[in-house]
Amino acid sequence: MKMHFCIPVSQHRPDALGSRYVLYSVYLDGFFFCKVRYSQLHRWNEQNTFNTAIMKAFLDIFLPNGRCARVEILTSDTAERVLEVVSHKLGLCRELLSYFGLFLIRFCKEGKLSVVKKLVDFELPYISLQSCEVENCKIGLRKWYLDPSLDAMLMDCQAAGDLLYMQAVQDIEQEWAKPTQAQREELEALQKEENQTKFLELSREVLHYGYIQLDPCTCDHPEPGCGAVLSIGNNEISCCITLPDGQTQDVTFQMNRVKCWQVTFLGTLLDMDGPQRTLNQNLELRFQYSEDSQWQWFVIYTKQAFLLSSCLKKMVSEKMAKAAAESPEMQIEVPEQGRIKKHLVPPSQQKNYSMFLRRKSEIKRAEGDCIFGTITEEDL
């Protein structure tokens, strides 16, 4: 899966001999990743990104029930490796690892939480946590799929079922999943009985079960400056929009009517003339949507734009995998060790359909800009 890198900030530093060099700040998916000199950037290796001492360390991985699993790692361990270690400690079947992921999660006031980003496989969780510019962040373990029907693939594993149950309870407490009063009463009864299987069965009937909810943001629909709360899952983007007059409006965008999307960087530099230039960054995600037989752009202004983009890509890949599983003749060809091999698309395979474009001076030019990847209705 392709990642989005940018270098919006650079600093001039003196070296030991009195000469000066430039230190570049690298951002991954909209968040600070590392600082490197040009020589380091030139020979960049994904597994050797940081000039940091490699040592043993303990890392707390927070579970959806609020508890944490402390694991011993190396400071150079990648997210993929840390996920393997914590999964082994929890007793999670190795073949189910692709259904879970490590996330940077911010714990807010009054018990609210915010998913800041999903850690990609080659990120170093220990370093990412230390260098995070967002306050009160921790590394959390969550399921990483948005099709609720995939729960069935995990129920034979006790540890996986426990994690699904924890997250279902947490999502209801966080009001990400929205049960009716009757559902809530029945779920509370099942929770007291510790009947996880029945609890999860009923949870799958709850509105927005298994969705990821973003922090409040703004959008341009139906008019500029509207507030919005987005919930993403089950092949849709559900928006609760607050109009300027205070009225609310619920709008749902189906993924099979989304043609493409792009993430745009809107950052500005602070302290332009100083040696320690910093970044005040904002992001937008816009997607092209078919409505009344016309393609329209819907713009969302949110610092979670890359997380939103990752969710959209995940829903597309899950839909394609399901279609491939239901139609054995639907195969793709991918190179493997110099050969072409036909196989079905696995659930964990990702395809990059998002775009990262520099800010354009005129918004209208977006439709004509070069698009690195698009989704057509035929693809879905």
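None of the values given here were measured: they were computed from a predicted structure.

### Thoughts on the overall build of the protein chain
Scanning the protein chain from N- to C-terminus turns up seven helices and 21 strands. Here the protein chain holds 380 residues, and the buried ones make up 47% of them. Contacts in the protein chain between residues far apart in sequence, at least 24 positions, make up 53% of those at least 6 positions apart. Entry remark: accessible area of the protein chain is about 20100 Å², with carbon and sulfur atoms responsible for 48%.

### Brief notes about unusual backbone geometry
Going from His-221 to Pro-222, the amide bond is cis rather than trans, its omega being 0 degrees. The phi angle at Asn-235 is positive, at roughly 65 degrees, despite the residue not being glycine. Within the secondary structure, Asn-235 is located in the loop between β11 (226-233) and β12 (236-242). Take Asn-235: its relative accessible area is 25%, and that puts it in the partly exposed class. Phi is positive for Asp-292, close to 55 degrees, though the residue is something other than glycine.

### A word on the environment of Leu-92
Take Leu-92: it is sitting in the loop between α2 (79-90) and β6 (100-107). Remark: the alpha-carbon pair of Leu-92 and Ala-160, spanning 68 residues in sequence, is separated by 6.0 Å. Once you skip the residues sitting within four places of it in the chain, Leu-92 turns out to touch Ser-87, Leu-97, Phe-100, Cys-157, Ala-159, Ala-160 and Leu-163.

### Structural notes on the sheet that holds strand β5 (residues 68-74)
Judged by pairing direction, the sheet is mixed, and its five strands sit side by side in the order β5-β4-β8-β6-β7 without closing on themselves. The open sheet has two edge strands, β5 and β7 (113-118), and neither has a second partner. Going from strand to strand, the sheet's axes swing by 45 degrees on average, the running direction of each strand aside. Relative to strand β8 (residues 137-143), strand β4 (residues 56-62) runs parallel, the two being bridged by two bridges. When the bridges of β8 are listed, Ile-61 appears paired with Ile-139. With respect to the sheet, α2 is in contact with β4, β5, β6 and β8, its orientation differing from that of β5 by roughly 130 degrees.

### Looking at α2
Between the first and last C-alpha of α2 there are 16 Å, a value that for twelve residues agrees with the 16 Å anticipated at 1.5 Å per step. Within the span of α2, buried status applies to Ala-79, Val-82, Leu-83, Val-85, Val-86 and Ser-87. The secondary structure elements touched by the buried residues of α2 are β4, β5, β6, α3 (125-131) and β8. Just past α2, the residue Gly-91 takes up positive phi, approximately 85 degrees.

### Focus: the confidence of the model for the protein chain
Detailed reading of the predicted coordinates is not advisable wherever pLDDT is low. Averaged over all residues, the pLDDT of the protein chain is 81; the fraction at 70 or higher stands at 75%. Within the protein chain, the element-level pLDDT minimum falls on strand β20 (residues 339-343), averaging 37, and the maximum on strand β9 (residues 212-213), averaging 98. Of the regions scoring below 50 in pLDDT, residues 272-277 engages in twelve contacts with residues more than four places distant in sequence or in other chains. Scored below 50 in pLDDT, residues 332-380 shows 99 contacts in the model against residues more than four places distant or in partner chains.

### Quick word on the nonpolar core
Counting 44 residues, the largest nonpolar core has Ile-61, Leu-92, Phe-100, Leu-102, Leu-141, Leu-154 and Phe-199 as the members making the most contacts within it. Broken down by secondary-structure element, the contributors of at least two residues to this core are β4, β5, α2, β6, β8, α4 (158-173), α5 (181-192) and α6 (196-203). Apart from the residues lying within four places of it in its own chain, the contact partners of Leu-141 are Ile-61, Phe-62, Leu-63, Pro-64, Leu-83, Leu-90, Phe-100, Gly-101, Leu-102 and Leu-163. Core analysis: the next-biggest nonpolar cluster, separate from the first, contains 41 residues, Ile-105, Val-251, Trp-261 and Ile-300 among them.

What counts and what doesn't
- Residues numbered from 1 in each chain as written.
- Predicted model: local features only at pLDDT ≥ 70, side-chain atom pairs only at ≥ 80, totals over all residues.
- Heavy atoms only, no water.
- Helix = DSSP H or I, 4+ residues; strand = E, 2+ residues; numbered from the N terminus.
- Buried < 20%, exposed > 50% of the residue type's maximum accessible area, 1.4 Å probe, protein only.
- Contact = heavy atoms within 4.5 Å.
- Areas by Shrake-Rupley, 256 points an atom, 1.4 Å probe, with all protein chains shown as cover.
- Pairing = 2+ DSSP bridges.
- Axes fitted to C-alpha atoms, helices over the stretch in contact; angles between N-to-C directions.
- Expected span 1.5 Å × (residues − 1).
- pLDDT = per-residue confidence, 0-100.
- Core = buried A, V, L, I, M, F, W, Y, C linked by side-chain atoms within 4.5 Å.

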